[in-house]
Amino acid sequence: LRLSGEWSHGDEVWPLALDPTRRNSAAYRSVLRCAVQRTITIEGTDYLVVRISGLAFVLHQIRHIVGAALAVSHGFVSAETIRIALGSPFLVDVSPLAPGCGLLLDEVRWFEPGGTDEVVYTRAAHQAAEAFKEETLYPHIHSLYTENAEMESFLRGMRVSYFGDRSYTKADYKRLQRMSEGWKAHTRSLVEAKHLQRRSRREAGDGLVGKEADARRPQHEHVARSKLLPGGLFVQLCVARGLSPGPSAHAMIEALRDLVATGGLEKSQPYEYYLQHLVQLYGPPAPRPVETLNQSKECNPSSQYKT
């Protein structure tokens with residue numbers, strides 16, 4: 001590991017976007033859903049309505065997401081390259097920021113830690129908001145795109161600036177794949193070394209460590225209850241079930257905790273173990289709200305986007 005901002009594997013290096021020796025919470029956000037919701041046509045122009053929901057976002061995150069998606073859809077970069085970028089600390093720059101004129105904050109939800117919504121909008125309020133978007137906001141966004149040729153300028157800049165002289169070569173992409181495999185092996189070795197260290201300390205009689213030590217410390221009831229399930233399961237639940245944080249998701253996580261506490265489920269299992277049990281309790285997740293595109297009309301990847 002080189003502290004100069006590069007990660008080395010064998011004789012090869014790749015620049016880093018994050019410090020792999022520590023987790024910087026400011027660089028991580030939980031995106032619960034990112035999908036095409038439907039298509040709309042305004043004055044003869046087709047648009048994809050992309051809905052992205054999450055617990056929070058960093059500056060320009062959505063514009064980076066859409067820019068990367070457009071780079072893939074136009075064949076400038078592979079989806080595998082994006083997966084590597086998302087699953088490693090490597091710096092992979094594949095697209096400029098997508099135009100901001102298509103970005104629309106659709107809804108904000110506040111909820112208490114106990115899972116209760118602080119503000120609940122009525123069906124009539126949602127219908128009024130949808131009507132306002134259809135009648136006013138969407139046409140205005142369309143005018144911003146067309147008057148300033150925003151999307152054309154963006155695609156031209158991506159083609160010339162990002163995939164012209166400064167673009168990654170085929171050799172670069174192959175090197176990135178090798179670096180990714182090296183990174184996976186590195187993280188696996190760290191996990192195995194940590195497990196070995198714990199095992200060695202237990203066998204040497206040096207006392208309890210990690211979770212065993214935590215179990216012996218006096219804890220408040222809510223702290224002990226929170227440790228019945230693996231960390232991060234709440235976010236995984238929201239993603240798998242297509243839910244936003246709130247009463248429904250909170251009720252499901254509490255049902256799982258109750259089962260673990262009473263011996264109905266095992267502790268320290270993979271996420272999928274608990275998610276599969278939710279299917280038994282509540283049935284399969286509802287289909288994602290993606291409208292079927294008209295089979296007679298080809299979906300053009302250069303269509304505008306709007307979130």
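Please read these numbers as outputs of a predicted model, since none were measured by experiment.

What counts as what
Residues numbered from 1 in each chain as written. Predicted model: local features only at pLDDT ≥ 70, side-chain atom pairs only at ≥ 80, totals over all residues. Heavy atoms only, no water. Helix = DSSP H or I, 4+ residues; strand = E, 2+ residues; numbered from the N terminus. Buried < 20%, exposed > 50% of the residue type's maximum accessible area, 1.4 Å probe, protein only. Areas by Shrake-Rupley, 256 points an atom, 1.4 Å probe, with all protein chains shown as cover. Polar contact = N/O pair within 3.5 Å; in protein donor to acceptor, adjacent residues only side chain to side chain. Pairing = 2+ DSSP bridges. Phe/Tyr/Trp six-rings, centres within 6.5 Å; stacked < 30°, edge-to-face > 60°. Expected span 1.5 Å × (residues − 1). Arc of directions from axis to C-beta. Contact = heavy atoms within 4.5 Å. Core = buried A, V, L, I, M, F, W, Y, C linked by side-chain atoms within 4.5 Å. Patch = residues over 30% accessible without salt bridge, like charges linked within 9 Å, V, L, I, M, F, W, Y side chains within 5 Å. Salt bridge = Lys/Arg side-chain N within 4 Å of Asp/Glu carboxyl O. Axes fitted to C-alpha atoms, helices over the stretch in contact; angles between N-to-C directions. Parallel < 35°, antiparallel > 145°, perpendicular 65-115°, else oblique. Left-handed = near helix turned anticlockwise from the far one by under 90°. Nonpolar A, V, L, I, M, F, W, Y, C, P; charged D, E, K, R; others polar.

*Asks:* A description of the overall build of the protein should follow, citing residues and the corresponding values.
*Replies:* Counting its secondary structure elements, the protein contains 10 helices and 5 strands. Buried residues in the protein amount to 28% of all 307 residues. For the protein, the exposed area adds up to about 19300 Å²; of that, 53% sits on carbon and sulfur atoms.

*Asks:* Describe the side chain of Ser88, listing the residues and the values that go with them.
*Replies:* Counting through the fold element by element, Ser88 comes out in the loop between α2 (79-86) and α3 (123-148). Of note is the side chain of Ser88, whose polar atom sits 3.3 Å from the backbone nitrogen of Phe90.

*Asks:* Let's hear about the pairing of strand β1 (residues 6-9): which residues, and what values?
*Replies:* Here β1 pairs with strand β2 (residues 12-15) via 4 bridges, running antiparallel. Residue His9 lies in a different strand from β2, and its bridge partner there is Glu12. The loop that links β1 with its antiparallel partner β2 comprises 2 residues; one of these, Gly10, has a positive phi angle of about 65°.

*Asks:* Which residues make up unusual backbone geometry, and what values do they have?
*Replies:* At His60, a residue that is not glycine, the phi angle is positive and equals roughly 65°. Position of His60 relative to the elements: it lies in the loop between β4 (45-54) and α1 (61-73). Taking relative accessible area as the criterion, His60 reaches 33% and is therefore assigned partly exposed. Of note, Ser268 is a non-glycine position whose phi angle comes to about 55°, a positive value. By secondary structure assignment, the location of Ser268 is in the loop between α9 (247-261) and α10 (271-282). Since its relative accessible area comes to 53%, Ser268 is described here as exposed.

*Asks:* So what about the packing of aromatic side chains? Which residues, and what values?
*Replies:* Counted by the stated rule, this structure contains 7 aromatic pairs. When the ring of Phe90 is compared with that of Trp183, the centres are 6.2 Å apart and the planes differ by 65°; the resulting orientation is edge-to-face. With a gap of 93 residues between them, Phe90 in the loop between α2 and α3 and Trp183 in helix α5 (residues 170-203) connect regions that are remote in the sequence. Here Phe90 and Trp183 have matching classes, each one buried. Linked through ring pairs, Trp7, Phe90 and Trp183 together constitute an aromatic cluster.

*Asks:* A description of α10 should follow, citing residues and the corresponding values.
*Replies:* Relative to the 16 Å expected for 12 residues at 1.5 Å per residue, α10 spans 17 Å between its end C-alpha atoms, a close match to the ideal helical length. The complete set of buried residues in α10 reads Tyr274, Leu275, His277 and Leu278. Down the axis, α10 shows its buried residues gathered within 160° of arc, on one side only. Summarising the contacts, the buried residues of α10 are in contact with α8 (233-241) and α9.

*Asks:* Let's hear about the nonpolar core: which residues, and what values?
*Replies:* Counting residues in each nonpolar core, the largest one holds 37 residues, and the members touching the most others are Val77, Phe90, Val94, Phe154, Met158 and Phe163. Among the elements of the structure, β3 (31-42), β4, α1, α2, α3, α4 (150-162) and α5 are those that each provide at least two residues to this core. Apart from residues lying up to four places away in sequence, Val94 is in contact with Ala68, Ala71, Val77, Thr81, Ile82, Tyr162, Phe163 and Tyr168. In terms of nonpolar packing, the next biggest core, distinct from the first, is built from 16 residues, Leu32, Leu229, Met252 and Tyr274 among them.

*Asks:* Help me get a handle on a nonpolar patch on the surface, residues and values and all.
*Replies:* Taken together, the side chains of Leu105, Val108, Trp110, Val119 and Tyr121 present a nonpolar region at the surface, about 490 Å² in accessible area. Looking at the element boundaries, Val108 is found in the loop between α2 and α3. Judged by relative accessible area, which is 34%, Val108 ranks as partly exposed.

*Asks:* Describe the pattern of salt bridges, naming the residues involved and giving the relevant values.
*Replies:* Using the criterion set out here, one finds 11 salt bridges in the structure. The residue Asp106 makes a salt bridge to Lys133 at a minimum N-O spacing of 2.3 Å. Remark: Lys133 occurs in helix α3 and Asp106 occurs in the loop between α2 and α3; sequence separation between them is 27 residues. In the salt-bridge network here, residues are joined through shared partners; they are Arg51, Asp106, Glu107, Glu130 and Lys133.

*Asks:* Any chance you could break down the packing of α8 against α9 for me, citing the residues and the numbers?
*Replies:* Running from N to C, α8 and α9 cross one another at 125°; their axes reach a closest spacing of 10 Å. In this view, α8 runs oblique relative to α9, as classed from their interaxial angle. Both α8 and α9 take part in a crossing whose hand is right-handed. Contacts between α8 and α9 involve Leu233, Phe234, Leu237, Cys238 and Arg241 from the first element and Ala249, His250, Met252, Ile253 and Leu256 from the second. When the residues that make up the contact of α8 with α9 are grouped by side-chain class, the tally is 8 nonpolar, 1 polar and 1 charged.

*Asks:* Describe α9, naming the residues involved and giving the relevant values.
*Replies:* In this model α9 runs 21 Å from its N-terminal to its C-terminal C-alpha over 15 residues, within 8% of the 21 Å that 1.5 Å per residue would give. Among the residues of α9, those classed as buried are Ala249, Met252, Ile253, Ala255, Leu256, Arg257 and Val260. A positive phi of about 85° marks Gly263, the residue just after α9.

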